[in-house]
Amino acid sequence: MSYLKPARRPSFLKALMNCVICGYQGLVDGGENICSASWESVSMMLQLGGTVIGSARCKDFQTREGRMKAACNLVKLGITNLCVIGGDGSLTGANEFRTEWSGLLADLVRAGKQSDSEEAKKSSHLNIVGMVGSIDNDFCGTDMTIGTDSALHRIIEVVDAITTTAQSHQRTFILEVMGRHCGYLALVSALACGADWVFIPEMPPDEGWEDHLCRRLMDQRSRGSRLNVIIVAEGAISRDGKPITSDQIKKLVTDRLGFDTRTTILGHVQRGGTPSAFDRILGSRMGVEAVMALLEATPDTPACVVSLSGNQAVRLPLMECVQVTKDVTAAMAQGKFEDAIKLRGRSFENNWNTYKLLAHINPPDVKSNINVAVMNIGAPCAGMNAAVRSAVKMGIIQGHSMLAVHDGFDGLAHGQIEPITWTSVSGWTGIGGSMLGTKRTLPGKMMEEVSLNIAKYNIHALVIIGGFEAYVGGLELVQAREKYEEVCIPIVVIPATVSNNVPGSDFSIGADTALNTITSTCDRIKQSAAGTKRRVFIVETMGGYCGYLATMAGLAAGADAAYIFEEKFTIRDLEANVEHLLGKMKTTVKRGLILRNENCNSNYTTDFIFSLYSEEGKGVFDCRKNVLGHMQQGGTPTPFDRNFATKMGAKSVLWLTEKLKECYRHGRIFANTPDSACVLGMKKRALNFQPLADLKADTDFEHRIPKTQWWLKIRPIMKILAKYDIKLDTYEHANLEHVVNKTGSLKK
């Protein structure tokens, strides 16, 4: 919980910040529990888990007398702006505090604890802005709450460790995760690891689920699976409202099937650990947005909560969100479980629908006589295999025959094509790299061979998973339609690259994993610098000409600067950054971190910047440099990349299935319209299909990047948090929106 003292200038850089130790209890107790916070005192908080300033449930604050004490403590310090970070209970309490504010002040005057002076009149109203910090992600109105992604990291780490035991034992594992009233952690974990079953409170299993579960597990064993995974939310219930426990499920599986079954209750492991890159960026963005909302607030402004919708920061009326959250609980109590799913929001509903399709529907007996080919193009990245798995399973569910193309367009040209089955892709979700193999070769120079093999293997649709080469390769196939009738088939490109440089999508599969790799490496580097003192590290990241990784890693790791191609810089800018670090070394924070995108400038290379900083900082600080290289492309995919890839793969095949129906003419498939070859991408708040041909105008082909990139608008946050004095109007902040009841979606 933090507080803002209003300043004369509308810049929180000039405002006086205070922190409250131990939440509402500290607010009631006052004294040293409300202390000033300096730039330096919070400089190492970014990579720390938990809450440094403490958090405690407070019975005193639940009474009016306790809230009077809290109000008295705030008035004494002249604080009239409150930023509260917590769950729905904490935020509801904050709104009640705000509603009662004038009455509390009147009570203080009558009690003689406050004079009816001019100073008291300045405290006549209290502004409240909330940020939701909860690993359960149970607050309606936001796609993700701060802390949820980190909790998912802890869960998936355990799942991956458990999976390795299947190499020596055939076992069923039951994992119980947190979520008394919300099944988000359980649901997304199930999607991310390909669990056989998930129990969530929003959608209890149908009557007779015991038989269904046993059949499901037996079916998986008959397909050759050595491992069964069942995820259980701690608040899981049956249709009649009775708890479903992990022990109950274990007894069922053991007694009926005789399977060797183990139960793991993760407990508070999910709350601990280092925050993920996603959570650090989310917290930083929400923190800046919250302060902006406070500075813009008037006495008539309703208490709001800063939320995330897609990749957009939004402000929502606090009590509207609280009401919809209560509506979810009411819907579950009344047995209206479909309504509960919808009220959770579009993101939750999409996760649930995708899981149902991939885990609970058996392949149809009647085949569609459609062959869909799946291939990887470009550099390998984490999450590619999850997308292939999802696409293959969804294709089989739709009745299609699925084909695997090995080694990209090169394999397509040389006939490296074979059927791929449901069992073939089992366990692929958590494997990094590309199981199909991938090359950067484009189809343009071998289109004759490509078209012949499309005809030879009777390929009716194509799923291309990859980076910028996948995008360009898709365009070349579209251009070849005029000459080669065989390539007149529906085509979908799924962006998968650490560089996040594919036009048509704000995010690419693999970028989040790379970002976490860079962030964890920078944490270790900063720790080294903090120990040696007066040291600056120059770190080079991948990304080609795209500065996404350098920018976001800079924000997640607390960098002092990040040099990228999209934002031109001169020797004067480098000089200003050196001067900034020279000043920083005079404070208690005697370390520096500079990130550089690999192709940001052909003259100002990593070696040049290292030499410049070393020379100009001589006698004040010394320098070290690190080129991270291909370690950024490796590793097991993060929960975000697994979940994102799974949804993208499934959605792409569903779209192809509909497009094939549209393109079926005179007994054959013929697709030559622009909208029959698309990029599937996340744009702002939804997954959209955009024709490849329409994206050409927004593409810088020379530098292999889109001409417009959303993340450039949040670069000022990094400079703000590095204590550069910049204008806040360079940061695009959110407007107040409203929650649409009954649907859980958002509108302006």
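Residues numbered from 1 in each chain as written. Predicted model: local features only at pLDDT ≥ 70, side-chain atom pairs only at ≥ 80, totals over all residues. Heavy atoms only, no water.

Regarding the sheet that holds strand E18 (residues 535-541)
Pairing between sheet strands relies on hydrogen bonds along the backbone, with the strands arranged either parallel or antiparallel. Strand order in the open sheet formed by four strands is E19-E20-E18-E21, with parallel pairing between adjacent strands. Edge positions in the open sheet fall to strand E19 (561-563) and strand E21 (622-627), since each of these has one partner strand only. The sheet shows a mean angle of 20 degrees between the axes of neighbouring strands, taken without regard to direction. Across seven bridges, the pairing between E18 and strand E20 (residues 591-597) is parallel. Looking across to E20, one finds that glutamate 540 is bridged to arginine 596. With respect to the sheet, helix H18 (residues 548-557) is in contact with E18, E19 and E20, its orientation differing from that of E20 by roughly 160 degrees. (Pairing = 2+ DSSP bridges. Helix = DSSP H or I, 4+ residues; strand = E, 2+ residues; numbered from the N terminus. Axes fitted to C-alpha atoms, helices over the stretch in contact; angles between N-to-C directions. Contact = heavy atoms within 4.5 Å.)

Looking at empty space enclosed by the protein
A complete count under the given rule lists one cavity of 30 Å³ or more for this structure. Taken as a whole, the largest cavity holds about 50 Å³ of empty space. Of all the elements in the fold, those that place two or more residues in the lining of the largest cavity are strand E5 (127-132), helix H9 (277-296) and strand E10 (304-309). Looking at side-chain class alone, the lining of the largest cavity contains seven nonpolar, three polar and no charged residues. (1 Å grid on protein atoms, 1.4 Å probe; cavity = no way out; pocket = protein on both sides within 12 Å on 5 of 7 lines; lining within 4 Å. Points joined across faces, edges and corners; volume = space filled by probe spheres on them. Nonpolar A, V, L, I, M, F, W, Y, C, P; charged D, E, K, R; others polar.)

Digging into the pattern of salt bridges
The tally for this structure, following the rule as stated, stands at 34 salt bridges. In this structure, arginine 344 and glutamate 202 form a salt bridge, with 2.8 Å as the shortest nitrogen-oxygen distance. Here arginine 344, found in the loop between helix H11 (337-343) and helix H12 (346-359), pairs with glutamate 202, found in the loop between strand E7 (197-199) and helix H7 (209-222); they are 142 residues apart in sequence, far enough to count as distant. Like arginine 344, the residue glutamate 202 is buried in the burial classification. (Salt bridge = Lys/Arg side-chain N within 4 Å of Asp/Glu carboxyl O. Buried < 20%, exposed > 50% of the residue type's maximum accessible area, 1.4 Å probe, protein only.)

Things to note about the nonpolar core
Soluble globular proteins: nonpolar side chains tend toward being buried together. Membership of the largest hydrophobic core comes to 93 residues, with the highest contact counts inside it found for Leu27, Phe97, Ile200 and Ile231. With nine residues, helix H6 (residues 184-193) is the largest single contributor of residues to this core. Contacts of isoleucine 200, omitting those with residues within four sequence positions, involve Gly183, Ala186, Leu187, Ala233, Ala236, Ile341, Phe348 and Trp352. Residues Val374, Val498, Ala553 and Trp711 belong to the second largest nonpolar core, which totals 79 residues. (Core = buried A, V, L, I, M, F, W, Y, C linked by side-chain atoms within 4.5 Å.)

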